[in-house]
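Understanding the architecture of this molecule
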Amino acid sequence: MLGSRVESMRLQQCVRGLSYAGGRVPPTTQNVINGQWTESSTDRWIDVNNPATNKLVTRVPHSTSDEMNEAVASASEAFKTWSKTTPLARQQILFKYQQLIKDNIKDVARLITIEQGKTLPDAEGDVMRGLQVVEHLCGIPNLMLGETLTGISKDMDLTSWRAPLGVCAGIAPFNFPAMIPLWMFPTGVACGNTYVIKPSERDPTACMALVELFKEAGCPDGVVNVIHGQHDAVNFICDHPDIRAISFVGGDGAGRHIYQRGSANGKRVQSNMGAKNHGVIMPDANREYTINQLVGAAFGAAGQRCMALTTAVVVGEAKEWMPEVAARAAKLVISAGHEAAADLGPVISPEAKQRIHDLIQSAVDQGADLLIDGRGCTVPEYPDGNFVGPTLISNMTTDMTAYKQEIFGPVLCVLYVDTLDEAIDIINRNPYGNGTAIFTRNGATARKFTAEVDVGQIGVNVPIPVPLPVMSFTGSRGSFLGDSHFYGKQGLHFYTQTKTVTSLWREADSSDTASATAMPVQR
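The rules behind each value
- Residues numbered from 1 in each chain as written.
- Predicted model: local features only at pLDDT ≥ 70, side-chain atom pairs only at ≥ 80, totals over all residues.
- Heavy atoms only, no water.
- Helix = DSSP H or I, 4+ residues; strand = E, 2+ residues; numbered from the N terminus.
- Rg over C-alpha atoms; globule rule 2.2 N^0.38 Å.
- Buried < 20%, exposed > 50% of the residue type's maximum accessible area, 1.4 Å probe, protein only.
- Lys, Arg positive; Asp, Glu negative; His and termini not counted.
- Charge placed at Lys NZ, Arg CZ, Asp CG, Glu CD.
- Contact = heavy atoms within 4.5 Å.
- Phe/Tyr/Trp six-rings, centres within 6.5 Å; stacked < 30°, edge-to-face > 60°.
- pLDDT = per-residue confidence, 0-100.
- Polar contact = N/O pair within 3.5 Å; in protein donor to acceptor, adjacent residues only side chain to side chain.
- Core = buried A, V, L, I, M, F, W, Y, C linked by side-chain atoms within 4.5 Å.
- Salt bridge = Lys/Arg side-chain N within 4 Å of Asp/Glu carboxyl O.
- Pairing = 2+ DSSP bridges.
- Expected span 1.5 Å × (residues − 1).
- Axes fitted to C-alpha atoms, helices over the stretch in contact; angles between N-to-C directions.

Let us look at the overall build of the protein chain. A count of helices and strands for the protein chain gives 17 helices and 22 strands. Taken over the C-alpha trace, the protein chain has a radius of gyration of 26 Å; the compact-globule value for 523 residues is 24 Å, and the two agree within 12%. Considered along the principal axes of its C-alpha atoms, the protein chain spans approximately 100 × 65 × 50 Å. Relative to its full complement of 523 residues, the protein chain shows a buried share of 54%. If you average the places of the 45 positive and of the 53 negative side-chain charges in the protein chain, the two averages end up 4 Å apart.

Laid out in structure tokens, this is it:
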């Protein structure tokens, strides 16, 4: 009887619930240093507001210099042992971790909706796309395979293998508060590195919950640490001599700064930045399917996706479809993300809302037509929310401000051309190269497009062509700085260094296995 009670207590201790479950957001966001959730001693705080109400949710610290140094020191100390763990041991933790994410996906999604504003189904998709990276990493013993070539020369062998770098760091954006952190620290840690991550100061709690689940899965103290802040924290990561590599996703200005400053300090940097993703609409495309996909890809997540299809390049007679696109978009329900009927929620902040309004007005001032104007959008139940309705700007040209800048809101820019060649030329003259798509029923048209367009990720009848983790996220040109991309094979390259050993074991030096008793004969 006593034994059964002890076992019951042990199981209760092992299967403790997520402390953030049910949308529980603490009044202040803590640092995570050496496996401990600790309150910051800072006197500088950042307010996090619910975008649907602008009511305070939590306060995020500017982690102090001492706290950030402690986080790196903890990661450095943990690296001494973590780097020596076997891929099989790390795999077991990842197996447990992916199951814990699945078990808690709705709770993590709720945290995203509270702080970031996206709808609950979209927030669950945010977590799910990150989970897929973790699931792929469960094959880490195979992913870490090296190469061997025996007998390259007389008695000589070549062997190469992947070795971890050391302490790595991630700087995450606000728009995917679960997916992007799950691109970062699980990949780094699976490769044998230790990690310091800085979630977005606008919506940190989903990342905090994911780090807590990783600890519950068996991640040792110090392997993953969390710091908070803005410019000081970013510069700290760029400058600290013990940090070997930096992953960043966010805007152009910050991305260029981090790449330049981190690289100047001898660090590896992968920097995913802005985008202007074009969707080419051919007149032979499936009309119903194309309109539905275009509306979802342009306005979903309130347009706050780096792979949102923000610009339609409409070829020939497909121009006649635009009133139907506008009518379909006008039917989308705008409300707080937790409302079951909501198709899209608010944008992240009042400042973001005003910037979107200003860019829409700039297009009108420069001669474009508004088929839908979402600036007057109101949600009576949430009068203080940062809501912008779907907006469709027609008859745009490539010299307009709203075309040249990433709007990052529920706005679809529409350009009209006569031929596919014109569409390809527009895309290739744009400085960004994150993603693009073409809608057509003609295989030759699709093949020409994929061959000639200079963009890293291309969809054929797929509006948001974000690769699954068996491949890598391969944005190009002005959308990316660095050599190796996120997750997949390139993610493994980024978080490891290759060691190559050339060995000479001369056959003549082999030890005899038996004593020679015959008369020695010189040969």
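What follows is about unusual backbone geometry. A positive phi angle, close to 65 degrees, is found at D155, a residue other than glycine. Note on placement: D155 falls in the loop between β5 (147-153) and β6 (156-164). Judged by its relative accessible area of 23%, D155 is partly exposed. With a phi angle near 50 degrees, R477 is a residue other than glycine that sits in the positive phi range. For R477, the position within the fold is in strand β20 (residues 476-477).

What follows is about the environment of V249. Within the secondary structure layout, V249 lies in strand β10 (residues 243-249). Each C-alpha atom, one on V249 and one on C306, is 9.3 Å from the other, the two residues being 57 residues apart in sequence. If near-sequence neighbours (up to four positions away) are discounted, V249 is found in contact with I171, A172, P173, I180, M184, N272 and F486.

With that out of the way, let us pick up the packing of aromatic side chains. If you walk through the whole model with that rule in mind, you get 10 aromatic pairs. Summarising the aromatic geometry, the rings of Y97 and F214 are spaced 4.5 Å apart at their centres and angled 50 degrees between planes, so their arrangement reads as tilted. Of the two residues, Y97 is situated in helix α3 (residues 87-103) and F214 in helix α8 (residues 205-216); the sequence distance between them amounts to 117 residues. For F214, a relative accessible area of 2% translates into the label buried.

With that settled, consider the confidence of the model for the protein chain. Per-residue pLDDT for the protein chain averages 94, and the proportion of residues at 70 or more is 95%. Long-range and interchain partners of residues 1-16, a stretch whose pLDDT sits below 50, account for four contacts in this model, where long-range means more than four residues apart.

The topology assignment puts S247 in strand β10. Owing to a relative accessible area of 0%, S247 belongs among the buried residues under this scheme. At 2.6 Å, the side chain of S247 and the side chain of Q270 are in polar contact.

Let us look at the environment of D122. The residue D122 is located in helix α5 (residues 120-137) in this model. By relative accessible area, D122 is classed as buried at 17%. Considering only alpha carbons, one finds D122 and P241, 119 residues apart in sequence, at a separation of 38 Å. Not counting residues up to four positions away in its chain, the partners in contact with D122 are A301 and R305. Within polar-contact distance, the side chain of D122 engages the side chain of R305 at 3.1 Å.

Quick look at the nonpolar core now. Of all hydrophobic cores here, the largest spans 70 residues; its most connected members are Y97, F185, Y195, F214 and V224. If you look at the next biggest cluster of nonpolar residues, it comprises 42 residues, including M282, F387, I424 and I427.

Per the counting criterion, the structure on display carries 22 salt bridges. Residue E135 pairs with K102 through a salt bridge whose shortest N-O separation is 3.3 Å. Here K102 lies in helix α3 and E135 lies in helix α5, a separation of 33 residues in the sequence. One salt bridge in this structure joins D454 and R477, with 3.5 Å as the shortest N-O distance. A residue pair is termed long-range when its members are at least 10 positions apart, and D454 in the loop between α16 (443-452) and β19 (457-460) and R477 in strand β20 qualify at 23 residues. Judged by relative accessible area, D454 falls into the partly exposed class, the value being 40%.

Along helix α9 (residues 231-239), the residues that are buried comprise A233, V234, N235, F236, I237 and C238. Each element contacted by the buried residues of α9 is listed here: α2 (65-82), β7 (167-171), β8 (194-198), β10 and α10 (252-264).

Moving on to the pairing of β6. Of the pairings in the sheet, the one linking β5 to β6 comprises four bridges and is antiparallel in character. Each residue of the ladder has a partner; that of S153, found in β6, is M156. Joining the antiparallel neighbours β5 and β6 is a turn of two residues, in which D155 adopts a positive phi near 65 degrees. Two elements, β6 and strand β22 (residues 496-504), share nine bridges in a ladder whose sense is antiparallel. Bridging across to β22, W161 finds its partner in K499.

Over its 17 residues, α3 runs 24 Å from end to end, which matches the ideal 24 Å to within 8%, given 1.5 Å per residue. Looking only at α3, the buried set comprises R90, Q91, I93, L94, Y97, Q98, L100 and I101.

Each strand in a sheet pairs with its neighbour through backbone hydrogen bonds, running either in the same direction (parallel) or in the opposite one (antiparallel). Read from one edge to the other, the open sheet built from seven strands follows the order β14-β15-β16-β13-β12-β18-β19, with strand pairing classed as mixed. The sheet terminates laterally at β14 (369-372) and β19, the two strands that pair on one side only. Each strand of the sheet is rotated relative to its neighbour by a mean of 20 degrees, with strand direction disregarded. In terms of strand pairing, strand β15 (residues 391-394) meets strand β16 (residues 411-417) through three bridges, oriented parallel. Each residue of the ladder has a partner; that of T391, found in β16, is V411. Sheet contacts for helix α11 (residues 287-299): β12 (278-281), β13 (311-315), β15, β16 and β18 (435-439); angle to β16, the most-contacted strand, approximately 135 degrees.

Time to look at the side chain of Q91. Along the polypeptide, Q91 turns up in helix α3. Classification of Q91 by relative accessible area gives buried; the value is 13%. Among all residues touching Q91, those that are not within four sequence positions of it are C138, G139, I140 and P141.

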